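# Observations on the three-dimensional arrangement
One-letter residues, chain by chain:
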Protein chains: 2
Amino acid sequence: MNPGDLTEAVAAVLAAVEGAEGRLAPKKRAVIEAALLCFAETGYAATSTRSIAHRAGVAEATIFRHFGTKADLLLRLVRPVAARLIQPGLVEAQEIFAETEGNLEAKIARMMKARLAFADRYAPLVRILLQELPVNPELHGLLQDSVIGGLVRFLDIALGEEIAQGRLRPIPAPRFLRILASMLIGYWIARSMVAPGDWDDAAEIDVMAGLLARGLKP
Amino acid sequence: MNPGDLTEAVAAVLAAVEGAEGRLAPKKRAVIEAALLCFAETGYAATSTRSIAHRAGVAEATIFRHFGTKADLLLRLVRPVAARLIQPGLVEAQEIFAETEGNLEAKIARMMKARLAFADRYAPLVRILLQELPVNPELHGLLQDSVIGGLVRFLDIALGEEIAQGRLRPIPAPRFLRILASMLIGYWIARSMVAPGDWDDAAEIDVMAGLLARGLKP
DNA sequence: CATGATAGTGAGTGCTTACTCACAATTTGA
DNA sequence: TCAAATTGTGAGTAAGCACTCACTATCATG
């Protein structure tokens, strides 16, 4: 998959929002699309409703007819992706961890590849999240509950088993998650925001997963 | 040092700006202080010049007398720290790498501790940078040139020596830097933005440095 | 003490902002 | 088929925005 494919990423977000809001009126759909791209490019605060309306080919009033306020528009873009797609993504990660044959390194690498594909699939939304999280406490809580909590609970069990069987030195799940997430997000930012170009995802992830697994051997 | 000490962090930034601008008129100093905190808390775009003036106890016109525009105010906060303090910080990192006795792990750990202390010293400015970098290309170039470029050049040599002597498996300097920086920034965000509280910096850094060093052994 | 420069401000300016509302067009369902 | 609901809009509105300007107060220095 082409990591920079915006059309597909926009379609994925649209599908998620449609799941939460029911069938979308055509201009409502256009507003979502335009807002998604504007927010991702310029940031929420620096994007005017006028510019969204212009990009969507819609009257400004149409935005407020469908979304009430600008803040609500943002939330109704972000929430469906968080609620309907990150949670199932967690299940996917659990399955990978359970099913993948081979050592810890292979499991970590597969998990990271799946999460990277997810971030690409919803690239503009990931950008919005990265920009807004530091200043928007509402989004903060949204992620804390639905994503981090679930992942830590899962990792607590999965890592516990590995540690019990002597394949992993003891490490608290939050720390493991923090380090893994830092490396993955850092890579995603480098590859798709700082220096877009030729990157070998598989190779880079294998390096990071190998580093983690080898570094955590007993 | 107390990582959350805002007074000291503000004083450090003020000193850096004073170095670039000469002795500061009292109200100019107040504006810098207020702007720094407002931008860090709310983000650049969402901060109004009125709110800065109010916080500084100053007329709004005073801001424009001293800084011309809001965009210029931001740049003149960020640039001195980038130019006068990050570059010498690089030298410091080089010295640590050259002087520290012991293995690679100890060197990496000392470098990371020094960088973490730096981030704490200029905490509000680091927050501003993290928020504005994705949407402000001007800051982008500022960091790319003065920080990343220099660090990569230095690491190219330092790592090259370690690799030549068989103490490190071959790894390109940018990748090494990316992974190390990701872990460190990820830790800083977790500790001072996501979940402030009791963190054992030394222990956490030792884990990360150990992971890196062990993971990169030949 | 006179003088020019610097520091500081209250009262604006024109423009942009998020948002409203009366009204028209279209779609829906009984 | 026709009324009710939904979708869409042009023309506003008040508040807020970054920024200007004429003017005063302070201050260093010949």
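Scroll up to find the structure.
Described in the following lines is the structure provided in the data block. (Residues numbered from 1 in each chain as written. Chains lettered and ligands numbered in written order. Predicted model: local features only at pLDDT ≥ 70, side-chain atom pairs only at ≥ 80, totals over all residues. Heavy atoms only, no water.)

## Looking at the protein's contact with DNA strand C
Spelled out, the test is: Residues are labelled near a given molecule or strand when at least one of their non-hydrogen atoms is within 4 Å of it. Any N or O atom pair separated by 3.5 Å or less is treated as a polar contact, with the protein-specific requirement of one donor-capable and one acceptor-capable atom, and with residues adjacent in sequence counted only for side-chain atom pairs. Comment: elements are numbered from the N terminus, with helices defined as DSSP H or I runs of at least four residues and strands as E runs of at least two. By the convention adopted, Pro, Cys, Tyr, Trp, Phe, Met, Ile, Leu, Val and Ala count as nonpolar, Lys, Arg, Asp and Glu as charged, and the other residues, Gly among them, as polar.
Around DNA strand C, 17 residues are found, and the nearest of them are Thr49(A), Lys70(A), Lys27(B), Ala61(B) and Thr62(B). In the model, a phosphate oxygen of DNA strand C is placed 3.0 Å from a nitrogen or oxygen of the Lys27(B) side chain. Arg65(B) places a polar side-chain atom, nitrogen or oxygen, 3.0 Å from a base nitrogen of DNA strand C. Here the surface near DNA strand C gets 4 residues from one element, more than from any other, and that element is helix H4 (residues 60–67) of chain B. Its residues assigned to classes, the surface near DNA strand C shows 6 nonpolar, 6 polar and 5 charged.

## Notes on the environment of Val10(B)
All names here are of chain B. Counted only if it meets this: The contact criterion used is simple: two residues touch if any of their non-hydrogen atoms lie within 4.5 Å.
Within the secondary structure, Val 10 sits in helix H1 (residues 6–21). In the structure, Val 10 is positioned 181 residues away from Arg 191 in sequence and 19 Å away in space, judged by C-alpha atoms. Residues in contact with Val 10, not counting those within four places in the same chain, are Glu 33, Leu 36 and Leu 37.

## Details of the relation of the copies chain B and chain A
Selection criterion: Only residues with pLDDT of at least 70 in both copies contribute their C-alpha atoms to the least-squares superposition of the copies.
Its rotation angle being 180°, the transformation that places chain B on chain A also includes 0.0 Å of axial translation and leaves an RMSD of 0.1 Å. What we have between these two chains is a two-fold relation. Residues of chain B ranked by C-alpha distance from the rotation axis are headed by Gly215(B), positioned 2.2 Å from it. Take the interface residues of chain B: 100% of them recur as interface residues in chain A, which is what a same-surface contact looks like.

## Details of the packing of aromatic side chains
Note the cut-off: Side-chain rings of Phe, Tyr and Trp, where Trp is taken by its six-membered ring, are said to pair if the distance between their centres is within 6.5 Å; with planes under 30 degrees apart they count as stacked, over 60 as edge-to-face, and otherwise as tilted. To sort residues, take the accessible area from a 1.4 Å probe on protein chains only and compare it with the maximum for the residue type: under 20% means buried, over 50% means exposed, and anything in between is partly exposed. For a ring to carry a charge above it, either NZ of a lysine or CZ of an arginine must fall within 6 Å of the ring centroid while also lying within 35 degrees of the normal to the ring plane.
As enumerated under the stated definition, the model contains 8 aromatic pairs over all chains in all. Taking the centre distance of 5.6 Å and the plane angle of 75° together, the rings of Tyr187(A) and Trp199(A) count as edge-to-face. Remark: Trp199(A) occurs in the loop between helix H9 (173–194) and helix H10 (201–215) and Tyr187(A) occurs in helix H9; sequence separation between them is 12 residues. Residue Tyr187(A) is classed as buried on the basis of its relative accessible area, which comes to 0%. Given a relative accessible area of 29%, Trp199(A) falls into the partly exposed group. Against the face of Phe67(A) rests Lys28(A), its NZ or CZ located 5.8 Å from the ring centre. Its end group placed over the ring of Tyr44(B), Lys70(B) keeps NZ or CZ at 4.5 Å from the ring centre.

## Overview of the packing of helix H7 (residues 123–132) of chain A against H9(A)
All names here are of chain A. To keep things clear, this is the line we draw: Only the stretch in contact is used when a helix axis is fitted, and all axes are lines through C-alpha atoms; the angle between N-to-C directions ranges over 0 to 180 degrees. Crossing chirality is assigned from the near helix's rotation relative to the far helix, an anticlockwise turn below a right angle marking it left-handed and a clockwise turn marking it right-handed.
Relative orientation of the contacting elements H7 and H9 amounts to 115°, with a least axis distance of 12 Å. Of the two elements, H7 crosses H9, and the hand of that crossing is left-handed. Contacts between H7 and H9 involve Ala 123, Val 126, Arg 127 and Leu 130 from the first element and Ile 185, Trp 188, Ile 189, Ser 192 and Met 193 from the second. Here the contact of H7 with H9 is composed, by residue class, of 7 nonpolar, 1 polar and 1 charged.

## Examining the protein's contact with DNA strand D
Taken together, 19 residues lie near DNA strand D, and Thr62(A), Arg65(A), His66(A), Thr49(B) and Lys70(B) sit nearest. Take the atoms of DNA strand D that sit within 4 Å of the protein: sugar and phosphate atoms are 57% of them. Within the backbone of Thr47(B), a nitrogen or oxygen atom sits 3.4 Å from a phosphate oxygen of DNA strand D. One of the backbone N or O atoms of Lys70(B) is found 2.7 Å from a phosphate oxygen in DNA strand D.

## With respect to the packing of helix H3 (residues 49–56) of chain A against helix H4 (residues 60–67) of chain A
All names here are of chain A. To keep things clear, this is the line we draw: An angle below 35 degrees is treated as roughly parallel, one above 145 as roughly antiparallel, one from 65 to 115 as roughly perpendicular, and anything else as oblique.
Running from amino to carboxyl end, H3 crosses H4 at an angle of 100°, the nearest separation of the two axes being 8 Å. One finds that H3 runs roughly perpendicular with respect to H4. Listed contacts from H4 to Thr 49, Arg 50, Ile 52 and Ala 53 of H3 are Glu 60, Ile 63 and Phe 64. Residue composition of the contact of H3 with H4, by class: 4 nonpolar, 1 polar and 2 charged.

## Details of the pattern of salt bridges
Note the threshold: Note on definitions: salt bridges are taken to be side-chain nitrogens of Lys or Arg within 4 Å of carboxyl oxygens of Asp or Glu.
In this structure the tally under the stated criterion is 28 salt bridges over all chains. With a shortest N-O distance of 2.9 Å, Lys28(A) and Glu21(A) are connected by a salt bridge. Since its relative accessible area comes to 11%, Lys28(A) is described here as buried. Residue Arg115(B) pairs with Glu92(B) through a salt bridge whose shortest N-O separation is 3.2 Å. Placement of the pair is Arg115(B) in helix H6 (residues 104–121) and Glu92(B) in helix H5 (residues 70–99), with a sequence separation of 23 residues. Taking the relative accessible area as the measure of exposure, Arg115(B) reaches 23% and is therefore partly exposed. A relative accessible area of 33% places Glu92(B) in the partly exposed class. Each of Glu21(A), Lys28(A), Asp72(A) and Arg76(A) takes part in salt bridges that share partners, so that together they form one network.

## Quick word on the interface of chain B and chain A
The cut-off we apply is this: Note: buried area is the sum, over both parts, of the accessible area (probe 1.4 Å) each one loses when the two are combined.
With 30 residues of chain B in contact, the opposing surface of chain A contributes 30 residues. Around 2500 Å² of area is buried between chain B and chain A when both sides are counted, 63% of it from carbon and sulfur atoms. Broken down residue by residue, the surface that chain B buries against chain A is led by Arg178(B), Leu211(B) and Arg214(B), which jointly contribute 24%. Counting across the chain B and chain A interface gives 4 salt bridges. Between Arg178(A) and Glu204(B) there is a salt bridge whose closest N-O contact spans 3.1 Å. Contributing elements (two or more residues each) for the side of chain B that touches chain A: helix H2 (26–42), helix H8 (137–164), helix H9 (173–194) and helix H10 (201–215) of chain B. Tallying contributions element by element places H9(B) first for the side of chain B that touches chain A, with 10 residues. Of the residues assigned to the side of chain B that touches chain A, the class counts are 16 nonpolar, 8 polar and 6 charged.

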